[in-house]
Amino acid sequence: MQVGAIQCYTNFTGRYRNNKVDNNNEENRQIENKPNVFYGDRGSRTLKNAAKGAVAAMFFLPIVGGGLASCDTEALSEAYAYAEAKDSCGCNIVNGKDTVTIVLPGKDSIIHDTITQIIEDRDTVYIKKCYDSPVIDAIRDFFEANDIDLGDERIPLTITWIDEQNVPARPKQVFDGRSSSYDEVNYTVDRTPWDNETGSFILGKGDTYENIRYSLTEDGKLMMSRFVPRNPYVKPKSRGEWIYSNSAVYDINKDKNVVNRYKVNNDGSEEYVGTFKPGELPGTIKVTNPYGTDWRYSNVKVVTGKAPDCDE
């Protein structure tokens, strides 16, 4: 097991891609949540599933970043080895009529400034039976282009990392299977800031919340639409409590291990805002803004699973 990913093994019997799903069947496509189509002006591209207009950064990156954090490579490598030994993942599955509920307890070992912190938290993930989406392939392509190992399971259930820009933060994306459709894959996000007093990340202290909705452009590129709470101090409990913020398109080149990202402006035009590339250490991604400034995502970890068959 590499530090850059955690494999979550379940007793699901579905294959890597569930061939039992008839994607032409309107019921199985699960398109009740399909957003309106937004038309951009870059090469007459149609940007599907963008809510109202614009996108800014994958995993909520600001456009201008601070310098790439320096570290003792040998010390960090030893710390990563320790963290790898502490990682664990377990799944408790409760079958419902149409949705499978998965509880993901586990220890997340993270490194920041050569300090190892063990975070124990619990995530509840919902997956519709025989759920599938072509958007999942594009999400996987993003991580594979950045040398993040996803294992053999298909659906990224949780995605965590440390954003080392300016004030470090630990965002966690959790798959929302109840609002995801065939054309759109949704994640709720808790973003935990670094606490200087304790020298650690304290879940729930100063957290901010976001909702990320991934879809595909007409030419197959990954698109991310970001939503924020109507009330910034309360975590939304329903889809209607989120309001649109921004959007971005990601041009993924797995052969060259680079992802170019483009902010989508209000008029539909696209503006280059930087790249993602594999970092020097396992489980890290190098982020570069359009001005050539670098910073880093570290401790990038993905817990994967797969949807059960329709008849389970």
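Residues numbered from 1 in each chain as written. Predicted model: local features only at pLDDT ≥ 70, side-chain atom pairs only at ≥ 80, totals over all residues. Heavy atoms only, no water.

Chemist: Can you help me understand the overall build of the protein in this one?
Modeler: Each helix and strand in the protein was counted, giving three helices and 17 strands. By the burial criterion, 54% of the 312 residues in the protein qualify as buried. Taking contacts inside the protein between residues at least 6 apart in sequence as the whole, the part at least 24 apart equals 62%. Total accessible area computed for the protein in this model is approximately 13900 Å², and 45% of it derives from carbon and sulfur atoms. (Helix = DSSP H or I, 4+ residues; strand = E, 2+ residues; numbered from the N terminus. Buried < 20%, exposed > 50% of the residue type's maximum accessible area, 1.4 Å probe, protein only. Contact = heavy atoms within 4.5 Å. Areas by Shrake-Rupley, 256 points an atom, 1.4 Å probe, with all protein chains shown as cover.)

Chemist: Which parts of the structure should I look at to understand unusual backbone geometry?
Modeler: Most peptide bonds take the trans configuration, and most residues that are not glycine carry a negative phi. Phi at Asp-147 takes a positive value of approximately 60°, unusual for a residue other than glycine. Position of Asp-147 among the secondary structure elements: in the loop between helix 3 (134-145) and strand 7 (155-163). Classification of Asp-147 as partly exposed rests on a relative accessible area of 49%. Residues other than glycine seldom take positive phi values, yet Asn-257 does so here, at roughly 50°. Summarising the element assignment, Asn-257 is placed in the loop between strand 13 (242-253) and strand 14 (258-264). Exposure remark for Asn-257: the relative accessible area of 24% places this residue in the partly exposed category.

Chemist: Explanation requested: the pattern of salt bridges in the structure shown.
Modeler: Opposite charge on two side chains lets them pair, provided their charged atoms get close. Counted under the stated rule, the structure contains 16 salt bridges. Glu-164 is the partner of Arg-296 in a salt bridge, and the nearest nitrogen-oxygen pair spans 3.1 Å. Within this pair, whereas Arg-296 is found in strand 17 (residues 294-305), its partner Glu-164 is found in the loop between strand 7 and strand 8 (169-175), the two being separated by 132 residues in sequence. Like Arg-296, the residue Glu-164 is buried in the burial classification. Via salt bridges that share partners, Arg-140, Asp-141, Glu-144 and Lys-254 belong to a single interconnected network. (Salt bridge = Lys/Arg side-chain N within 4 Å of Asp/Glu carboxyl O.)

Chemist: What's the story with the environment of Glu-270 in this structure? I'm lost.
Modeler: Its place among the elements puts Glu-270 in strand 15 (residues 270-278). Remark: the alpha-carbon pair of Glu-270 and Ala-248, spanning 22 residues in sequence, is separated by 8.3 Å.

Chemist: Can you help me understand helix 3 in this one?
Modeler: One turn of the α-helix equals 3.6 residues, which is why residues spaced by three or four share an orientation. Compared with an ideal rise of 1.5 Å per residue, which puts 12 residues at 16 Å, helix 3 spans 17 Å between its outermost C-alpha atoms and is within 8% of the ideal. For helix 3, the set of buried residues is Val-135, Ile-136, Ala-138, Ile-139, Arg-140, Phe-142, Phe-143 and Ala-145. The backbone nitrogen of Val-135 has a side-chain oxygen 3.1 Å away, supplied by the residue at the start of helix 3, namely Ser-133. Asp-147 lies just past helix 3 and shows a positive phi near 60°. (Expected span 1.5 Å × (residues − 1). Polar contact = N/O pair within 3.5 Å; in protein donor to acceptor, adjacent residues only side chain to side chain.)

Chemist: Would you take a moment to explain the nonpolar core for this structure?
Modeler: Proteins that are soluble and globular tend to have nonpolar side chains buried together. Ranked by size, the top nonpolar core spans 37 residues in total, and within it Phe-143 and Phe-175 carry the most contacts. It is helix 3 that contributes the most residues to this core, seven residues altogether. Within the second largest apolar cluster, five residues are counted, among which are Ile-110, Ile-119, Ile-162 and Phe-201. (Core = buried A, V, L, I, M, F, W, Y, C linked by side-chain atoms within 4.5 Å.)

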